[in-house]
Amino acid sequence: MAEVEDSTKDSGRVQGEGLDTQQYDPLQNPLTEGLSVNDDDFEEEDLRSPGADSNMSNASQTALAGSIKLEDQEEETEEEDQDMETRDLFVTVDDPEKHSGSMGSAYVTYRVVTKTTRGAFDNPEYLVRRRYQDFLWLRNKLEETQPTHLIPPLPEKHSLRRFDHFSPEFLKTRQKALNKFLTRIADHPVLSFNSAFQIFLTAKAWELTAHKKQGPGIFSRMGDSVRNVAATYMLKGRSPEYTMMGEYVGTFSEKLGTINRVSERIIKENQEYINELGEYSPVFSLWSNSEIELAETMTCMANCIEKCQEAVQELNDEQEQYFLPPVREYLLYADSIKSVLKKRDSIQVEYELSQEESSKRKNEREQVKISDPSYSISSITGKRPDEIKEQKMAKLERAIEETLSAWEEVIQHLQKENAECANDTEAKDAE
Amino acid sequence: MAADHDDTFVPDLLPERNGGQRRDLSQYFGRASLLNSVEICVSEPEKRSILSSVGIKDTYTVYLVETRIKETSSKGIVDAPTSLWRRYSEFELLRNYLVVTHPAIVVPPLPEKRGIIQWQEFKTTDNFDPDFIERRRVGLENFMLRIASHPQLSQDKIFHAFLQQEDNWKESVYETGFQAKSDSRLKNLNASFRLKKPDRQFEEVRNYGTDLQTNISNLLKIRNKLADRLYGIHKIHGNYGRVFSEWSGIEKKMGDGLQSAGHYMDVYASSIDGLLEEEEQYADQLKEYLFYADALRSVCRKQEVLQYELERQEENLSHKVKQKEELQTGQASGFSFKGVTKLFKTETPESKEAKLKQLEESITEAEEEVKKSQEEVTVFVDHALKDIERFRKQKVRDLREIFINYAILQIKMAKKGVAVWSNAKECFQKM
């Protein structure tokens with residue numbers, strides 16, 4: 001079972017983008033980049049610094065000194081200019097709008113614009129409105145139908161911070177994340193052709209609702225996860241690279257989780273500090289009222305403290321908006337990798353089980369073969385059951401072989417995907 | 001008359017932590033300042049214990065008070081260099097004596113008896129905690145220097161004795177009988193009384209004192225809160241350090257960058273201790289003025305007491321004068337009980353004469369008293385206003401200095417922060 005293939009990384013490469021361009025945003029097109037990479041290119045990626053500096057040309061690097069902006073309009077348009085020739089599907093998310101729903105609940109929809117030249121689509125352009133629930137549905141469908149692929153993560157359902165669900169900052173952050181989500185899928189060589197994706201981009205409201213109703217219920221998903229958990233225990237032999245991958249991802253997500261918690265705590269404490277600074281400044285203003293010579297001094301102190309307060313507030317907000325989301329994204333990515341690995345494990349378990357089955361049957365068949373002549377000579381009536389038995393055996397054999405080959409195909413496919421996942425992980429490390 | 005301070009000083013109020021180190025005391029020098037001829041310092045706190053009368057061990061701290069003669073000495077007020085041990089209660093006795101003996105002077109305050117406003121709540125207010133003892137030592141030295149530089153207080157014999165008389169200094173103080181003086185005044189201080197014609201200037205000074213107290217105490221409270229918060233935030237960054245260090249263990253290419261960045265996080269976390277300790281010094285200096293405000297208010301109260309005495313005596317006098325008039329004219333102005341009894345009582349000319357004479361005597365007495373009181377009040381007011389003016393100038397100088405140094409410290413803190421984060425950023429860029 002130890003089929004370890006590193007050379008199959010290049011399969012499925014649709015877009016001919018190479019790494020000759022120094023300007024790529026790993027967060028924008030991680031999967032595409034990951035697939036095209038071989039070991040040499042890897043070194044290049046990893047040496048680049050995470051964040052904006054690696055993605056800018058030298059000119060804009062100096063312009064952005066000191067600020068880490070992972071998404072910049074400049075680089076997106078630059079990228080698109082290069083991609084224009086090779087990409088045939090463009091998706092954007094914008095224009096959040098608030099609506100009041102039935103029973104007084106309010107929700108937000110986003111505009112999703114699609115431009116494409118693909119034949120699979122009836123029209124070259126589509127414009128639909130979708131809400132967060134719809135994105136969730138899409139992601140779940142993708143996970144179901146393409147279990148071996150790494151599905152990009154969605155922004156969180158609920159915001160933990162003081163942002164309420166309709167504040168402009170929250171909507172903007174969410175919109176950007178949703179945009180990234182769809183763009184990654186659109187650029188993915190396999191996922192972009194998924195039918196659920198197409199439905200999401202094109203269906204009218206009533207069509208989408210109908211499709212949503214058709215999904216498998218909760219129970220099948222539960223069954224999946226139960227199987228996955230059981231698989232990890234029943235696994236007999238797992239090739240070491242998967243074990244290592246699993247361990248790495250486990251530690252990685254643990255550390256990231258800690259970083260996330262620490263950052264959140266810092267942001268919270270900082271906010272308290274800011275509030276307390278707000279109490280500090282008036283003390284000086286009030287004091288300036290009692291002083292003659294020192295009045296100006298006191299007023300200056302008050303103003304200065306106010307400025308400090310504003311500055312720290314800015315720092316805190318930026319930390320929340322720019323630092324936390326990518327950290328959380330990677331946590332989600334780590335989680336998806338973990339679940340893919342688990343699925344792989346469970347498939348391997350089934351493969352092993354079926355292998356056992358088939359060898360048992362083979363043995364039985366041997367048994368039958370050996371015992372056959374004695375039976376056929378002694379009894380006439382026994383012949384027919386033997387024949388039936390033989391036919392059964394033959395059928396069984398065939399079935400076993402078919403299953404075996406099918407599984408082997410799947411395993412190969414899986415290993416391809418897992419190698420891609422490994423590349424993706426390392427590509428993300430570079431960020 | 002008390003001489004005013006020169007205004008040409010360059011103030012340097014930063015207390016040295018090491019009592020032995022010389023510091024720039026130019027601000028303390030004045031025409032009549034004792035410090036022109038001597039140097040005083042308080043150092044080397046030591047623990048002593050004696051068996052009290054009940055047989056319980058009484059432990060306390062003593063401080064070494066050293067007086068050294070400078071070459072420019074000409075007055076010979078202080079004969080020879082001395083050093084003796086004094087404990088806090090003796091300083092207290094000295095101050096109480098000075099307050100009673102020089103009522104019109106704003107007497108410098110002592111450092112607080114036990115830590116009232118601390119910034120680290122969990123630190124117990126242990127009077128033997130080395131930090132507390134050190135800060136108290138600084139406060140006591142400051143107290144000494146303030147008295148020595150005061151034109152009037154520095155001439156006080158008991159103060160000289162404090163510096164030089166090792167034995168029985170306490171007895172000498174008691175022998176002056178200052179406590180008797182203070183008692184009689186104390187009675188009046190507690191009574192709530194209304195002045196007929198309160199001195200507006202002193203009212204203003206008293207209000208200012210109250211305001212100053214409120215302002216400074218608010219400032220100190222909030223500063224403590226801020227210090228606590230800032231401390232917490234820095235320490236949380238230490239968690240970053242730990243996580244980065246752990247994380248670097250599982251990363252191949254990012255490992256070094258993460259490790260060094262983690263190191264900088266640790267630096268950031270530990271830098272806060274020293275900085276906040278420095279800030280504590282400024283808090284202590286502000287605290288001195290908090291207590292000064294109290295001294296200011298007590299001078300105002302004393303003026304009120306004197307004024308009250310005066311008004312009482314004036315009332316007494318005018319009442320007696322009225323009595324005399326009534327007796328002379330034999331008429332009662334308006335209806336009065338006396339008038340009614342007069343109708344029924346026959347006044348012999350001899351008794352009337354005798355009474356008149358008595359009254360005139362007591363009137364003369366009362367006039368004397370009023371004159372005395374008036375003079376007392378005038379002298380007091382004159383003295384007090386002069387010293388209040390001196391205090392005001394000193395306060396302006398000192399507060400300005402305190403806030404300048406506070407600002408410098410904040411800048412230092414910010415620069416340190418910038419340095420740490422720039423270094424960390426470099427580490428991230430190298431990853």
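Owing to the predicted nature of the structure, the values given are computational and were not obtained by experimental measurement.

(A) Main features of the sheet that holds strand 3 (residues 82-87) of chain B. All names here are of chain B. An order of 1-2-3 is seen for the 3 strands of this open sheet, with the pairing classed as antiparallel. On the outer flanks of this sheet lie strand 1 (38-51) and strand 3, each paired with one strand and no other. Ignoring which end each strand starts from, the neighbouring axes of this sheet average 25° apart. As paired elements, strand 2 (residues 57-69) and strand 3 share 6 bridges and run antiparallel to each other. Pairing of Thr67 across the sheet is with Thr82, part of strand 3. The sheet strands contacting helix 1 (residues 88-101) are strand 2 and strand 3, and the helix crosses strand 3 at an angle near 95°. Docked against the sheet, helix 3 (residues 157-164) engages strand 1, strand 2 and strand 3, running at close to 100° with respect to strand 3.

(B) Inspection of the packing of helix 1 of chain B against helix 2 (residues 130-148) of chain B at higher detail. Residues and elements named next belong to chain B. It is at 12 Å that the axes of helix 1 and helix 2 come closest, and there the two elements cross at 30°. Here helix 1 lies roughly parallel to helix 2, going by the angle between them. The way helix 1 lies across helix 2 gives a crossing that is left-handed. Of the residues in helix 2, those touching helix 1 at Tyr88, Phe91, Leu94, Arg95 and Leu98 are Arg136, Leu140, Phe143, Met144 and Ile147. Looking at side-chain class alone, the contact of helix 1 with helix 2 contains 8 nonpolar, no polar and 2 charged residues.

(C) Representation of the interface of chain A and chain B in the model. Across the boundary between the two partners, chain A contributes 43 residues, which contact 39 residues of chain B. Both sides together, the interface formed by chain A and chain B hides about 3900 Å², and carbon and sulfur atoms give 65% of it. Here chain A is connected to chain B by 7 salt bridges. For Glu276 of chain A, the salt bridge is made with Arg229 of chain B, and the minimal N-O distance between the two is 3.0 Å. Linking chain A to chain B there are 10 residue pairs in polar contact (both at pLDDT 80 or more). By residue number, the principal contributor to the side of chain A that touches chain B is helix 11 (residues 240-288) of chain A, which donates 23 residues. Of the residues contributing to the side of chain A that touches chain B, the split by class is 20 nonpolar, 9 polar and 14 charged.

(D) Representation of the pattern of salt bridges within the structure. Applying the stated rule across the entire model yields 41 salt bridges over all chains. The partner of Asp95 of chain A in a salt bridge is Arg129 of chain A, with the nearest N and O atoms 3.3 Å apart. Residue Asp95 of chain A is located in strand 1 (residues 89-100), and its partner Arg129 of chain A is located in strand 3 (residues 125-131); the two are separated by 34 residues in the primary sequence. By relative accessible area, which is 28% here, Arg129 of chain A ends up partly exposed. The shortest N-O distance in the salt bridge between Glu291 of chain A and Lys395 of chain B comes to 2.7 Å.

(E) Representation of the packing of helix 6 (residues 200-250) of chain B against helix 9 (residues 349-430) of chain B in the model. Residue and element names in this part refer to chain B. Viewed as axis vectors pointing N to C, helix 6 and helix 9 meet at an angle of 15°, and their least axial separation amounts to 14 Å. In terms of orientation, helix 6 lies roughly parallel with respect to helix 9. Helix 9 is crossed by helix 6, and the crossing has left-handed handedness. Along the contact surface, helix 6 presents Gln201, Phe202, Val205, Tyr208, Leu219, Arg223, Leu230, His237 and Phe244, while helix 9 presents Phe380, Val381, Ala384, Leu385, Ile388, Lys395, Phe403, Tyr406, Met413, Trp421 and Phe428. Looking at side-chain class alone, the contact of helix 6 with helix 9 contains 16 nonpolar, 2 polar and 2 charged residues.

(F) Inspection of the nonpolar core at higher detail. Residues Tyr280, Phe284 and Trp287 of chain A together with Leu286 and Phe403 of chain B are the most contacted members of the largest nonpolar core, which totals 60 residues. Among the elements of the structure, helix 11 and helix 12 (295-378) of chain A together with helix 6, helix 7 (255-329) and helix 9 of chain B are those that each provide at least two residues to this core. Here this core takes 17 residues from helix 7 of chain B, the largest share from any one element. In this structure Tyr280 of chain A touches Ile305 of chain A together with Leu219, Ile222, Arg223, Leu226 and Tyr406 of chain B, once residues within four positions along its chain are discounted.

(G) Fine view of the packing of aromatic side chains. Tallied over the full model, the rule gives 19 aromatic pairs over all chains. Geometrically, the ring pair formed by Trp287 of chain A and Phe403 of chain B is edge-to-face, given 5.9 Å between the ring centres and 75° between the ring planes. Of the two residues, Trp287 of chain A is situated in helix 11 and Phe403 of chain B in helix 9; the pairing between them involves two chains. Here Trp287 of chain A matches Phe403 of chain B in class, with each residue buried. Ring centres 4.9 Å apart and planes at 50° place the aromatic pair Tyr292 of chain B and Phe391 of chain B in the tilted group. Of the two residues, Tyr292 of chain B is situated in helix 7 and Phe391 of chain B in helix 9; the sequence distance between them amounts to 99 residues. The class for Tyr292 of chain B is buried, based on a relative accessible area of 1%. Here Phe391 of chain B falls in the buried class, since its relative accessible area comes to 2%. Joined through ring pairs, the aromatic side chains of Tyr280, Phe284 and Trp287 of chain A together with Phe403 of chain B make up one cluster. Directly above the ring of Tyr107 of chain A sits Arg131 of chain A, whose terminal nitrogen or CZ lies 3.9 Å from the centroid. When the ring centre of Tyr60 of chain B is taken as origin, the NZ or CZ atom of Arg87 of chain B, which lies over that ring, is 3.6 Å away.

What counts, and where the lines are drawn
Residues numbered from 1 in each chain as written. Chains lettered and ligands numbered in written order. Predicted model: local features only at pLDDT ≥ 70, side-chain atom pairs only at ≥ 80, totals over all residues. Heavy atoms only, no water. Pairing = 2+ DSSP bridges. Helix = DSSP H or I, 4+ residues; strand = E, 2+ residues; numbered from the N terminus. Axes fitted to C-alpha atoms, helices over the stretch in contact; angles between N-to-C directions. Contact = heavy atoms within 4.5 Å. Parallel < 35°, antiparallel > 145°, perpendicular 65-115°, else oblique. Left-handed = near helix turned anticlockwise from the far one by under 90°. Nonpolar A, V, L, I, M, F, W, Y, C, P; charged D, E, K, R; others polar. Buried area = accessible area lost by both parts, 1.4 Å probe. Salt bridge = Lys/Arg side-chain N within 4 Å of Asp/Glu carboxyl O. Polar contact = N/O pair within 3.5 Å; in protein donor to acceptor, adjacent residues only side chain to side chain. Buried < 20%, exposed > 50% of the residue type's maximum accessible area, 1.4 Å probe, protein only. Core = buried A, V, L, I, M, F, W, Y, C linked by side-chain atoms within 4.5 Å. Phe/Tyr/Trp six-rings, centres within 6.5 Å; stacked < 30°, edge-to-face > 60°. Lys NZ or Arg CZ within 6 Å of the ring centre and 35° of its normal.

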